[in-house]
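# Analysis of the macromolecular model
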Amino acid sequence: MGPFAKVVIFILIISFGVFSLGLNRHTPIGALHRTIWIHIPKFVTAVDQRLTGGRITGGLSRGVNRMLYDRHPTVVIFFFALLFGGEYMFLPAAWPHMSWLAKLIALIAIALPYTFLYLACGGDPGFITAETHAYHMSLYPYDHALFHPGRYCETCKLLKPARSKHCSICKRCVAKADHHCVFINLCVGHGNHRWFLSLLLSTAALTSYGGLLGLSILSGVIKNRFPGWSVWPPAGYGLNSYLVAWSWAMERDISLGATTLFATLTSPLVWALLFYTLYHVYCGTTTNESLKWSELGEDMADGYAFTRPIRRGRERDFGIEPSCSRWPVEPEMVVIATADGQPPVIHQGMPPIAGEGDWERVWKLKNVENMYDLGFRDNLADIFFRDYAFGRARDELPFKSHHQC
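Residues numbered from 1 in each chain as written. Predicted model: local features only at pLDDT ≥ 70, side-chain atom pairs only at ≥ 80, totals over all residues. Heavy atoms only, no water.

Our working rule: UniProt positions are given in the numbering used here, feature names are shortened, and annotations may be inferred rather than shown by experiment.
Per an unreviewed UniProt entry, the protein chain goes by the name Palmitoyltransferase and belongs to Cordyceps militaris. Turning to the protein chain, the UniProt annotation filed under Subcellular location (unreviewed entry) states: "Membrane".

See below:
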């Protein structure tokens, strides 16, 4: 096996192990991923249980749990090493072939991911403490569907603000929690969501620029050797000859070829992750809320969800449900899912449930509005501008039912 083939296999292994889960869940790649990461480990565990009483896999399991469920910089270092190592291999080979403009763009494209990685890793994602609790309680109103007032975090001993979530890895509650990201060794939340999006965009731009620049340089090398060659397969070139020409150019300068191939293969995956994140922004949800909507939809389909209207100007306990002056809309209904499929009943010691009138079953998400979705522009502005006011003078806002997303 030649060095080029080894590089290809290494890149595919990294891409498969890091990116395939979730993005390809319902594809053959997802099935292969489950086989390698779920079914085979279960088989090995069963064998070890018979032979050693589970001592070997138990030790490995503790190590894996440490890697996956505790904060540590391993994946951040790995990500940094991929960036730095790729640039260290690519730039010396590509620099003599680049114009001054290409060099300037390259320097900017290289600097931005490091800048946003530092900001995303080093900033406060929105940890909720006793000192910041009042501020975070005022950021978002309760929608009385996914988030209800009066709920306590048993770990932090604080009322849970709307859109917050306790992270078992960070061991803290996070305001507007999206997800815990191993690539920044931190949660993505209200405080650093903009830096996370910027990191994705800058990394996608870097890999795209590196891949296109590398392919352009390699194409020039091939054209010097084969004058009739072009990027698009010329007449008379079969697919095999076309791929052999690329392989020859990449093996001629293995550093440039390997990093170009790596950038070309990983760029679509980074763009896919960016668009997946922006899709949540478009829908006015976070990753955490998207999962909650999915669970609520299943409860609706099973007939376990109920709703009743909320009167405007209602009386409420501002101690557990403070006002949110910056938010331009108020909830119009309360949605509750019960464990027994019967209408909600308030027991002693439970926080009160908003709304008036009889409970009615709600069967579909399209009948429930997501009050956090104010249109893509405002959703994005809420991420990038602190305490964004949403232009409260407007009479109408572009509401979309959650099922449209």
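### Some details on the overall build of the protein chain
So the rule is basically this: Helix and strand assignments follow DSSP, with helices taken as H or I runs no shorter than four residues and strands as E runs no shorter than two, numbered in order from the N terminus. Relative accessibility under 20% of the residue-type maximum defines a buried residue, over 50% an exposed one, and the middle range a partly exposed one, all with a 1.4 Å probe and only protein chains included. Any two residues having at least one pair of non-hydrogen atoms within 4.5 Å are treated as being in contact. Accessible surface area values rest on a Shrake-Rupley calculation with a 1.4 Å probe, where residue burial reflects the displayed protein chains alone.
When its secondary structure is counted, the protein chain shows 11 helices and 9 strands. By residue count, 42% of the 405 residues in the protein chain fall in the buried class. Across the protein chain, every contact between residues at least 6 apart in sequence was considered, and the portion connecting residues at least 24 apart equals 71%. Per element, the accessible surface of the protein chain, about 22500 Å² overall, is 63% carbon and sulfur.

### As for the packing of aromatic side chains
Where two aromatic rings form a pair, the distance of their centres and the angle of their planes describe that pair. Note the threshold: Centres within 6.5 Å are what make two rings of Phe, Tyr or Trp a pair, Trp counting through its six-membered ring; a difference in plane orientation under 30 degrees is then read as stacked, over 60 as edge-to-face, and the rest as tilted. Working rule: Lys NZ or Arg CZ, within 6 Å of ring centre, within 35 degrees of ring normal, means a charge sits over the ring.
Applying the stated criterion to the full structure yields 14 aromatic pairs. With a centroid separation of 5.8 Å and 80° between ring planes, the pair formed by F79 and F183 is classed as edge-to-face. Of this pair, F79 sits in helix α4 (residues 74–94) while F183 sits in the loop between β5 (179–181) and β6 (186–188); the two residues are 104 residues apart in sequence, bridging distant segments of the chain. The class of F183 is partly exposed, set by a relative accessible area of 24%. Ring plane angle 75° and centroid distance 6.0 Å describe the contact between W327 and Y372, whose orientation is recorded as edge-to-face. Of the two residues, W327 sits in the loop between β7 (305–309) and β8 (333–337) while Y372 sits in the loop between β9 (360–361) and α11 (376–384), which places them 45 residues apart along the sequence. Across the pair, Y372 and W327 agree in class, each one buried. Feature note: the residues Y140, F147, W327, Y372, F385, Y388 and F390 constitute an aromatic cluster, connected by ring pairs. A cation sits over an aromatic face here: R163 above Y372, 4.2 Å from the ring centre.

### Some words on helix α5 (residues 100–122)
The criterion, for reference: In this analysis, the expected span of each helix is defined as 1.5 Å times one less than the number of residues it contains.
The first and last C-alpha atoms of α5 sit 33 Å apart over 23 residues, in line with the 33 Å expected at 1.5 Å per residue. Elements that come into contact with the buried residues of α5 comprise α4, β6 and α7 (193–225).

### Details of the confidence of the model for the protein chain
Put simply, the rule reads: Each residue carries a pLDDT value, the predictor's own confidence for that position, ranging from 0 to 100.
Per-residue confidence for the protein chain gives a mean pLDDT of 85, with 86% of residues at or over 70. Segment residues 393–404 is flagged for pLDDT under 50; beyond a separation of four residues in sequence, or across chains, it makes 29 contacts in the model.

### Here we look at the side chain of T260
By the secondary structure assignment, T260 is in helix α9 (residues 254–283). When sequence neighbours within four positions are dropped, the list of residues in contact with T260 reads F90, G211, G214, L215 and L218.

### A look at the nonpolar core
The test is simple: Here, the term nonpolar core denotes a set of buried Ala, Val, Leu, Ile, Met, Phe, Trp, Tyr and Cys residues that are joined through side-chain atoms within 4.5 Å.
Judged by nonpolar contacts, the single largest core of 26 residues is most densely connected at C167, C170, V174, I184 and L199. Non-local contacts of V174, meaning those with residues more than four positions away in its chain, are made with P125, G126, F127, I128, R163, S164, K165, C167, C187 and G189. Counting residues in hydrophobic clusters, the runner-up holds 25 residues, among them Y140, I320, V362 and V368.

### Digging into the packing of α7 against helix α8 (residues 239–252)
Rules: Only the contacting stretch of a helix is used when fitting its axis, a line to C-alpha atoms as for every element, and angles between N-to-C directions run 0 to 180 degrees. Working definition: roughly parallel below 35 degrees, roughly antiparallel above 145 degrees, roughly perpendicular at 65 to 115 degrees, and oblique for all remaining angles. Residue classes follow a fixed rule: Ala, Val, Leu, Ile, Met, Phe, Trp, Tyr, Cys and Pro count as nonpolar, while Asp, Glu, Lys and Arg count as charged, and any other residue, Gly among them, counts as polar.
In the contact formed by α7 and α8, the axes pass within 9 Å of each other and the chain directions differ by 105°. For the element pair α7 / α8, the angle class is roughly perpendicular. Seen from α7, the contacting residues are L215, L218, S219, V221, I222 and R225; seen from α8, they are A245, W246, W248, A249, M250 and R252. Of the residues contributing to the contact of α7 with α8, the split by class is 9 nonpolar, 1 polar and 2 charged.

### What to know about the pairing of β7
This is how the line gets drawn: Two strands qualify as a pair provided DSSP detects at least 2 bridges between them.
The element β7 is extensively covered by neighbouring structure, given that 4 of its 5 residues are classed as buried. Sheet topology note: the β7/β9 ladder contains 2 bridges and is antiparallel. In the strand pairing of β9, T307 is matched with E360.

### Brief notes about a nonpolar patch on the surface
Here is the rule we go by: Patches draw on residues past 30% relative accessible area with no salt bridge. Two like charges within 9 Å are joined, as are two nonpolar side chains (Val, Leu, Ile, Met, Phe, Trp, Tyr) within 5 Å. What counts as a salt bridge is simple: a side-chain nitrogen of Lys or Arg found within 4 Å of a carboxyl oxygen of Asp or Glu.
A contiguous nonpolar surface patch, about 560 Å² in accessible area, is contributed by I36, I40, F43, V44, V47 and L51. You can see V47 is positioned in helix α2 (residues 28–52).

### Details of the pattern of salt bridges
Summed over the entire model, instances satisfying the criterion amount to 8 salt bridges. Across the pair E332 and R312 runs a salt bridge, and its minimum N-O distance is 3.5 Å. Taken together, the residues span a long stretch of sequence, with E332 in the loop between β7 and β8 and R312 in the loop between β7 and β8 at a distance of 20 residues. By relative accessible area, which is 45% here, E332 ends up partly exposed. Residue class for R312 comes out exposed when judged on its relative accessible area of 56%. Taking the shortest distance from any N to any O, the salt bridge between R314 and E321 comes out at 2.7 Å. Overall, the relative accessible area of 5% leaves E321 in the buried class. One continuous salt-bridge network, built from bridges that share partners, spans K176, R326 and D382.

### Focus on the UniProt feature "transmembrane region" (unreviewed entry) in the protein chain
Within the UniProt annotation, "transmembrane region" (unreviewed entry) is assigned to residues 6–24, 75–95, 101–121, 195–219, 231–249 and 261–282. The span residues 101–121 is 100% helical and 0% strand by assignment, and the distance between its end C-alpha atoms comes to 31 Å. Annotation note: span residues 195–219, helix share 100%, strand share 0%, distance between end C-alpha atoms 35 Å.

### Describing the environment of A102
For A102, the position within the fold is in helix α5. Counting along the chain gives 107 residues from A102 to Y209, while the straight-line C-alpha distance between them is 9.6 Å.

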